[in-house]
Amino acid sequence: MNFDLSDEQRLLRDTVRDFARAEIAPVAAELDRTKSFPYEIVEKLGGLGLMGIPFPQEYGGGGADTLSYALAVEELARVDSSVCITMAAHTSLGTMPIYLWGTAEQKEEWLPRLCTGERLASFGLTEPEAGSDAGNVHTHAKLADGEWVVDGAKQFITNAGTDISGCVTITAVTGEADGRKEISNIIVPKGTPGYEIGEAYRKMGWNASDTRPLAFDDCKVPEGNLLGRRGEGFKNFLHILDGGRIGVAAMGVGLAQGALDEAIAYAKERRAFGKAISKYQSIQAKIADLSAQIEAARLLTYKAALQKDAKESFTLTAAQAKLITGRLAVRATEEAVQIHGGYGFIEEYPVCRFYRDAKILTIGEGTDEVQQMVIARQLGC
């Protein structure tokens, strides 16, 4: 397996890196403090073609591969996780199902606006009684007179409540088959009567991203809004989660690298007992360990992306990458705060925000415990 980046991939990585440093870094702290959605940044991301990296150019996408997408996610998370999750959730969770299973009409209706970032897409899977037990869906959709009538609730949904939100693809029980729930995917456009978007959550981190509960009360959409084949929703969203874990793993790598960047810069400037603290062996050991672990995690994440691009099985690698990068992000940000000392506890320094943003990476897209279950099953246990 060749881990060397192509010229196009290096150019994309460097472009996103420069954009993140020039456009996002100066405003990230204020966006976090005020809990303001980064509309201007999302518009610029769209202008650069970063809101549709893995989708065909015919729909306004970048026509790039999964590794390119992971590189972009990594560089955004290196500076700010709120902006990063806005882009990543829109791409891998919101837009990808429409691209993979949408009809020609559905693709023409949604993909051009989604790939340019004119509209944001969401994925409604999690419910009050269906978190790690994702198949325990209670939301129902009944077909009547050529319409799906949806009733139920979703929670922890990203990108559904912004001014530029376009649609959410939800999982819903559409019947029974062989004594089991028949779960299907349905596209619900924003503004549909009966589709209610709740107040934004007060969160530990990701403060500048949009996360809300959704409710559906006698919400009617056309029969043609079924996404993919009826009854294949469970299989389809598991596939989406596999791919999404590559993006979340790339976020973990980027966040850990960003924390290390800040720790090294601070350690070189901060002096104690007559010299920079970067010269003390205890600080060097922390930095060295993190550097080695981040590079190992980066390569595992890239491997999952390369496997996906090669159309090989990537479920195991993606779960492994997601498991270790989430934990690494937590540890890296904690160590970065420790190296900053008291200043690490002050919001003036990015590591404070990084520390708050890290924990969700061990929970979202499947908890660590779910990843362990997936890994064990893939190993035949």
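Refer to the preceding data block for the structure.
Thresholds applied
- Throughout this description, residue numbers start from 1 for each chain and increase along the sequence as written.
- Whole-chain, interface and lining totals are the exception, using all residues; otherwise, since this is a predicted model, local features are given only for residues with pLDDT of at least 70 and side-chain atom pairs are given and counted only at 80 or more.
- Water and hydrogen atoms were dropped before computing side-chain values, which therefore reflect all heavy atoms in the structure.
- Only Phe, Tyr and Trp rings are paired, with Trp represented by its six-membered ring, and only when their centres lie within 6.5 Å; those with planes under 30 degrees apart are stacked, over 60 edge-to-face, the remainder tilted.
- Any Lys NZ or Arg CZ that is within 6 Å of a ring centre and within 35 degrees of that ring's normal is treated as a charge sitting over the ring.
- Put simply, DSSP marks the helices as runs of H or I at least four residues long and the strands as runs of E at least two long, and each gets a number from the N terminus on.
- Residues count as neighbours in contact if any of their non-hydrogen atoms are within 4.5 Å of one another.
- Among buried residues, those of type Ala, Val, Leu, Ile, Met, Phe, Trp, Tyr and Cys that are joined through side-chain atoms within 4.5 Å constitute a nonpolar core.
- Each residue gets one of three labels from its accessible area relative to the maximum for its type: buried under 20%, exposed over 50%, partly exposed in between, using a 1.4 Å probe on protein chains only.
- Axis lines are fitted to C-alpha atoms, over the contacting stretch for helices. Their N-to-C directions set the angle, which ranges from 0 to 180 degrees.
- Any angle that falls under 35 degrees is termed roughly parallel, while one over 145 is termed roughly antiparallel, one within 65 to 115 roughly perpendicular, and all others oblique.
- Should the near helix be turned anticlockwise from the far one by less than a right angle, the crossing is termed left-handed; should it be turned clockwise, right-handed.
- Residue classes follow a fixed rule: Ala, Val, Leu, Ile, Met, Phe, Trp, Tyr, Cys and Pro count as nonpolar, while Asp, Glu, Lys and Arg count as charged, and any other residue, Gly among them, counts as polar.
- The span expected for a helix works out to 1.5 Å for each residue beyond the first.
- Note on bend: at a given residue it equals the angle between the axes fitted to the 7 residues ending there and to the 7 starting there.
- Take a side-chain nitrogen of Lys or Arg and a carboxyl oxygen of Asp or Glu: if they are within 4 Å of each other, that pair is a salt bridge.

Would you mind going over the packing of aromatic side chains with me for this structure?
Working definition: an aromatic ring pair is given by the centre-to-centre distance plus the angle between the planes. One pass over the structure, following the stated rule, counts 8 aromatic pairs. Through pairs of rings, three or more aromatic residues link up here, namely Tyr-266, Tyr-343 and Tyr-349. A cation sits over an aromatic face here: Lys-275 above Tyr-280, 4.5 Å from the ring centre.

How should the environment of Lys-303 be read in this particular structure?
By secondary structure assignment, the location of Lys-303 is in helix α7 (residues 281-309). When the C-alpha positions of Lys-303 and Ala-25 are compared, they lie 29 Å apart, and in sequence the two are 278 residues distant. Excluding residues that lie within four positions of it along the chain, Lys-303 makes contacts with Met-1, Phe-3 and Thr-317.

Just to check I follow, could you spell out the nonpolar core for this structure?
A general tendency of soluble globular proteins is for nonpolar side chains to be buried together. If you look at the biggest cluster of nonpolar residues, it comprises 90 residues, and the most contacted ones within it are Ile-24, Leu-45, Val-73, Met-87, Ile-98, Met-251 and Ile-339. Here the element with the most residues in this core is helix α6 (residues 233-269); it accounts for 15 residues. Dropping the residues within four chain positions of it, Val-73 is found in contact with Cys-84, Met-87, Ala-88, Gly-247, Ala-250 and Met-251. Core analysis: the next-biggest nonpolar cluster, separate from the first, contains 16 residues, Val-150, Ala-160, Tyr-195 and Leu-214 among them.

Explanation requested: the packing of helix α4 (residues 81-101) against helix α5 (residues 104-115) in the structure shown.
Helix packing for two helices is described by the angle between their axes and how far apart those axes are. Their axes nearest at 9 Å, the elements α4 and α5 cross at an angle of 150°. Here α4 is positioned roughly antiparallel relative to α5, judged by the angle of their axes. Helix-helix and strand crossings are classified by hand; for α4 and α5 the assignment is left-handed. Two secondary-structure elements touch here, α4 through His-90, Thr-95, Ile-98, Tyr-99 and Trp-101 and α5 through Gln-106, Lys-107, Trp-110, Leu-111 and Leu-114. Counted by class, the contact of α4 with α5 contains 6 nonpolar, 3 polar and 1 charged residues.

Just checking my understanding: could you explain helix α1 (residues 7-34) for this structure?
One turn of an α-helix holds 3.6 residues; hence residues three or four places apart share an orientation. With 28 residues, α1 extends 39 Å between its outermost C-alpha atoms, agreeing within 8% with the 40 Å of an ideal straight helix rising 1.5 Å per residue. The sharpest bend along α1 measures roughly 50° and falls at Ile-24, with the proline Pro-26 sitting one to four residues further on. Buried within α1 are the following residues: Gln-9, Leu-12, Val-16, Phe-19, Ala-20, Ile-24, Ala-28, Leu-31 and Asp-32. In the core, the buried residues of α1 are packed alongside α2 (39-47), α3 (66-77), α4 and α9 (350-358). Two residues or fewer after α1 comes Lys-35, characterised by a positive phi angle close to 55°.

Please clarify how the pattern of salt bridges should be interpreted in this entry.
Close approach of charged atoms allows side chains of opposite charge to pair. Counting across every chain of the model gives 21 salt bridges. Of the charged contacts in the structure, one is a salt bridge between Glu-30 and Arg-33, with a shortest N-O distance of 2.6 Å. You can see Glu-30 and its partner Arg-33 sitting in helix α1, 3 residues apart, about one turn around the helix. Taking the relative accessible area as the measure of exposure, Arg-33 reaches 57% and is therefore exposed. Residues joined in a network through salt bridges with shared partners are Arg-17, Glu-75, Arg-78 and Asp-261.

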